[in-house]
Amino acid sequence: MSRRAALARIRLNPHSRTVQRDLRNATDMHRTLMRMVPDGLGDSPRQAAGLLYRLDVTDNFATLLVQAVTLDPTRLPDDYGHTDVKDLTPVFNALQKGLAVRYRIVVNPVKTERLPLENKGQRGKRIALTGPDADQWWVHRAHEAGLHLTTALPTPVAAVHGRGNNASAARHHLVRYDGTATVTDPDALAEAVLVGIGRAKSYGAGLLSLARAAA
């Protein structure tokens, strides 16, 4: 994937029936947002498009951040919301070792259950991490992504659900982290911004936002 991406900021229209539906079901939201990327991307279109998104909610309104290699907001429903799109090239160009940044990310901290030796070759179930375990997960993932964290404030996010009769199979535990960090590996960080961090990317996890920290 080229080091090129666009970021759309969508201020959602709370009166839109499509928005109301998408906020209830992450599968529907993912399907709507995939309309913004080109067709014919093969068997893994989200990955091929580099599509990531995050829902930021305040007391007054909800905003969707949507990132992909290319985005066409005109393909969204007419009443979905107000959209601004910017090129992320300046963000990539600014990354350098030692740069102090502010960050925000929603992640799905999980670990895979270890199985007894007699179950060799089988994969254990994924277990959601909470509290200090989730914090340590994020510290480790941030380090791999070229960030040395100086602060990390966790905020629980409501679990997201996908479509299907078995809702528990598509339920994902999410945590938002806000804080400050120092760039240790610009190339690894650029890659993390492009491809996202962790699992549940189709459910609104993994999109890393960066901004230069105030001097």
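Residues numbered from 1 in each chain as written. Predicted model: local features only at pLDDT ≥ 70, side-chain atom pairs only at ≥ 80, totals over all residues. Heavy atoms only, no water.

### Points about the pattern of salt bridges
Okay, so step 1: Scanning the model with the defined rule gives 10 salt bridges in all.
Okay, so step 2: Notably, a salt bridge pairs Arg-3 with Asp-187, separated by 3.4 Å at the nearest N-O pair. Taken together, the positions of Arg-3 in the segment before strand S1 (6–12) and Asp-187 in helix H6 (residues 186–195) put the pair 184 residues apart, joining distant regions of the chain.
Okay, so step 3: Among the residues examined, Arg-3 registers a relative accessible area of 44% and is labelled partly exposed.
Okay, so step 4: Among the ionic contacts, a cluster of salt bridges with common partners joins Arg-54, Asp-56, Arg-104, Arg-176 and Asp-178. (Salt bridge = Lys/Arg side-chain N within 4 Å of Asp/Glu carboxyl O. Helix = DSSP H or I, 4+ residues; strand = E, 2+ residues; numbered from the N terminus. Buried < 20%, exposed > 50% of the residue type's maximum accessible area, 1.4 Å probe, protein only.)

### Here we look at the sheet that holds S1
Okay, so step 1: Taken together, four strands build an open sheet; the order of strands is S2-S3-S1-S4 and the sheet is antiparallel. At either end of the open sheet lies a strand with only one pairing partner, and these are strand S2 (52–57) and strand S4 (81–87). Pairwise comparison of adjacent strand axes, ignoring direction, gives a mean angle of 15° for this sheet.
Okay, so step 2: Pairing of S2 with strand S3 (residues 62–68) involves six bridges; the strand directions are antiparallel. Looking at S3, one finds that Leu-55 is bridged to Leu-64.
Okay, so step 3: Helix H2 (residues 26–33) contacts S1, S2 and S3 of the sheet and is inclined by roughly 120° relative to S2. (Pairing = 2+ DSSP bridges. Axes fitted to C-alpha atoms, helices over the stretch in contact; angles between N-to-C directions. Contact = heavy atoms within 4.5 Å.)

### Digging into the pairing of strand S5 (residues 100–107)
Okay, so step 1: Bridge analysis of S5 against strand S10 (residues 171–183) gives eight bridges, and the strand direction is antiparallel. From the neighbouring strand, Arg-104 faces S10, where its bridge partner is Asp-178.
Okay, so step 2: One ladder, built from five bridges, connects S5 with strand S11 (residues 208–212); its direction is antiparallel. Looking at S11, one finds that Ile-105 is bridged to Leu-208.

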